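Now for the letters of each chain:
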Amino acid sequence: LAPLVARPEDVVMAASTRALISRALRVMDGAVAVISGRALDDLAGMLGPLSPAMSGSHGAEVRLTGAGAQSDAIDGSALDGAFAELSDMASDAGLLLERKPGAVALHYRNRPELDSASIDAVTRAERQHGLRAMHGNMVSEAALAGIDKGSALRAFMEQPPFQGRVPVMIGDDTTDEDGFAAAQEMGGAGLRIGGTATCARYRVATMDEALDWLGRTLDRAA
């Protein structure tokens, strides 16, 4: 929904993309969800006045359309331990370490030469604290086990206005693979933007191509 930037707080969604989401909400009678690794409050701020169903922190936080945030009780002790373990490395290397409600994210976009070291450090923290490691676009995360974008998608599909519909999951990162798999298990499809190996049934090269496809699909559905 927005281009990748060096710092998560600098992400800006284009007005045309907001308009497309608004149109999708109208055409699909509200059956639109944004599922993200970002914290739910950050995600809501980026979407502005739009109010689709949302899931943040890789499925740890859920907000249905027009409802308040819902989430299972989160034991943050393991995440606190991982954050403490990764803090020294992040500080010494000048990397951004982000504490989310459901994950700890080590961003190394500003130091791409530290990709292997960052991945190794997060993998060690994962093992030490019983978490789940996820390695995406210039970020490695230690997240709560048993919760992912696929579990978020399944939770939405059990609620109106999603019940009885066919899910389509669009994403551009390794962390979206759980969502692709869940959508396809439920008779739908995944659409992967860029990348290499994927379980998604369909693929496009760029974000703009994915948004163009969504616009054409809404034209046919309207």
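Before reading further, recall that the structure is shown in the block above.
Treat the numbers as computed from the prediction; the structure is a model and nothing was measured.

Judged by nonpolar contacts, the single largest core of 19 residues is most densely connected at Leu 86, Leu 95, Leu 97, Val 104, Leu 106 and Leu 131. Those elements that provide at least two residues to this core are α3 (77-93), β6 (103-107) and α4 (115-129). It is α3 that contributes the most residues to this core, 6 residues altogether. When sequence neighbours within four positions are dropped, the list of residues in contact with Leu 131 reads Ala 78, Leu 79, Ala 82, Glu 126, Ala 142, Ala 143 and Leu 144. Grouped together as the second largest cluster of nonpolar side chains are 16 residues, Met 13, Leu 20, Leu 25 and Leu 43 included.

Okay, the sheet that holds strand β10 (residues 189-193) next. Taken in spatial order, the 3 strands of this open sheet run β9-β10-β11, and their pairing is parallel. Edge positions in the open sheet fall to β9 (168-171) and β11 (202-204), since each of these has one partner strand only. Sheet twist, expressed as the mean angle between neighbouring strand axes with direction ignored, is 20 degrees. One ladder, built from 3 bridges, connects β10 with β11; its direction is parallel. Note on β11: the bridge partner recorded for Ile 193 is Val 204. Helix-sheet contacts for helix α6 (residues 177-185) involve β9 and β10, and the interaxial angle to β10 is about 155 degrees.

Right, let's get into the packing of aromatic side chains. Applying the stated criterion across every chain yields a total of 1 aromatic pair. Here Phe 156 and Phe 162 contribute two aromatic rings whose centre-to-centre distance is 5.7 Å and whose plane-to-plane angle is 35 degrees, an arrangement assigned as tilted. Side by side, Phe 156 and Phe 162 carry an identical accessibility label, which is buried.

Our next topic: the environment of Leu 86. Tracing the backbone through its elements, the reader meets Leu 86 in helix α3. Leu 86 sits 17 residues away from Ala 103 along the chain, and the two C-alpha atoms are 12 Å apart. With near-sequence residues (within four places) excluded, Leu 86 lies in contact with Leu 97, Val 104, Ala 121, Val 122 and Ala 125.

With that settled, the discussion passes to the sheet that holds β6. Within the open sheet, the 4 strands sit side by side as β5-β6-β8-β7. Their pairing is antiparallel. Two strands in the sheet have a free side with no partner beyond their single neighbour: β5 (96-99) and β7 (132-136). Taken over all neighbouring pairs, the strand axes of this sheet differ in orientation by 15 degrees on average, direction set aside. In this sheet, β6 lies alongside β5 in antiparallel orientation, the contact comprising 4 bridges. Considered in β6, the bridge of Glu 98 is made with Ala 105. The sheet strands contacting α3 are β5, β6 and β8 (139-143), and the helix crosses β5 at an angle near 170 degrees.

By secondary structure assignment, the location of Lys 149 is in helix α5 (residues 149-157). Residue classification places Lys 149 among the buried positions, given a relative accessible area of 6%. A polar contact is formed between the side chain of Lys 149 and the side chain of Thr 175, at a distance of 3.2 Å. In terms of polar contacts, Lys 149 uses its side chain to reach the side chain of Asp 176, at 2.8 Å. Leaving out residues up to four positions away in the same chain, Lys 149 has contacts with Ile 35, Ser 36, Gly 37, His 58, Met 169, Thr 175, Asp 176, Asp 178 and Gly 179.

Okay, helix α7 (residues 207-221) next. Over its 15 residues, α7 runs 21 Å from end to end, which matches the ideal 21 Å to within 8%, given 1.5 Å per residue. For α7, every residue scored as buried is listed here: Ala 210, Leu 211, Gly 215 and Leu 218. For α7, the arc enclosing every buried residue in end-on projection is 140 degrees, short of the 170-degree limit, so these residues lie on one face.

Okay, the pairing of β7 next. Taking every second residue as pointing to the same face, the buried face of β7 carries Arg 132, Met 134 and Gly 136, while none of Ala 133 and His 135 on the other face is buried. As paired strands, β7 and β8 are joined by 5 bridges and run antiparallel to one another. Counted as the bridge partner of Gly 136 is Val 139 from β8. Counting the residues that bridge the hairpin from β7 to β8 gives 2 residues, and of these Met 138 lies at a positive phi of roughly 60 degrees.

The rules behind the values
Each chain carries its own residue numbering, running from 1 in the direction its sequence is written. Two thresholds apply to this predicted model, a pLDDT of at least 70 for residue-level local features and 80 or more for giving and counting side-chain atom pairs, whereas whole-chain, interface and lining totals are computed over all residues. Processing note: side-chain calculations cover all non-hydrogen atoms of the structure and skip hydrogens and water entirely. Take the buried residues of types Ala, Val, Leu, Ile, Met, Phe, Trp, Tyr and Cys, join any two whose side-chain atoms come within 4.5 Å, and each joined set is a nonpolar core. Only protein chains enter the area calculation, which uses a 1.4 Å probe; residues under 20% of their type maximum are buried, those over 50% are exposed, and those in between are partly exposed. Under the DSSP-based scheme used, a helix requires at least four consecutive residues in state H or I and a strand at least two consecutive residues in state E, with every element numbered from the N terminus. We call two residues in contact when some of their heavy atoms are within 4.5 Å. In this analysis, strands are considered paired if DSSP registers two or more bridges between them. The convention used is that axes are lines fitted to C-alpha atoms, helices contributing only their stretch in contact, and that angles between N-to-C directions extend from 0 to 180 degrees. A pair of Phe, Tyr and Trp rings is counted when the ring centres sit within 6.5 Å of each other, with Trp represented by its six-membered ring. The angle between the planes then sorts it: under 30 degrees is stacked, over 60 is edge-to-face, the rest tilted. Throughout this description, a polar contact denotes any pair of N or O atoms lying within 3.5 Å of each other; where both atoms belong to protein, one of them has to be capable of donating a hydrogen while the other can accept it, and for residues adjacent in sequence the pair is counted only when both atoms sit in side chains. Expected helix span is given by 1.5 Å per residue-to-residue step, counting one fewer step than there are residues. Directions pointing from the helix axis toward each C-beta atom define the arc.

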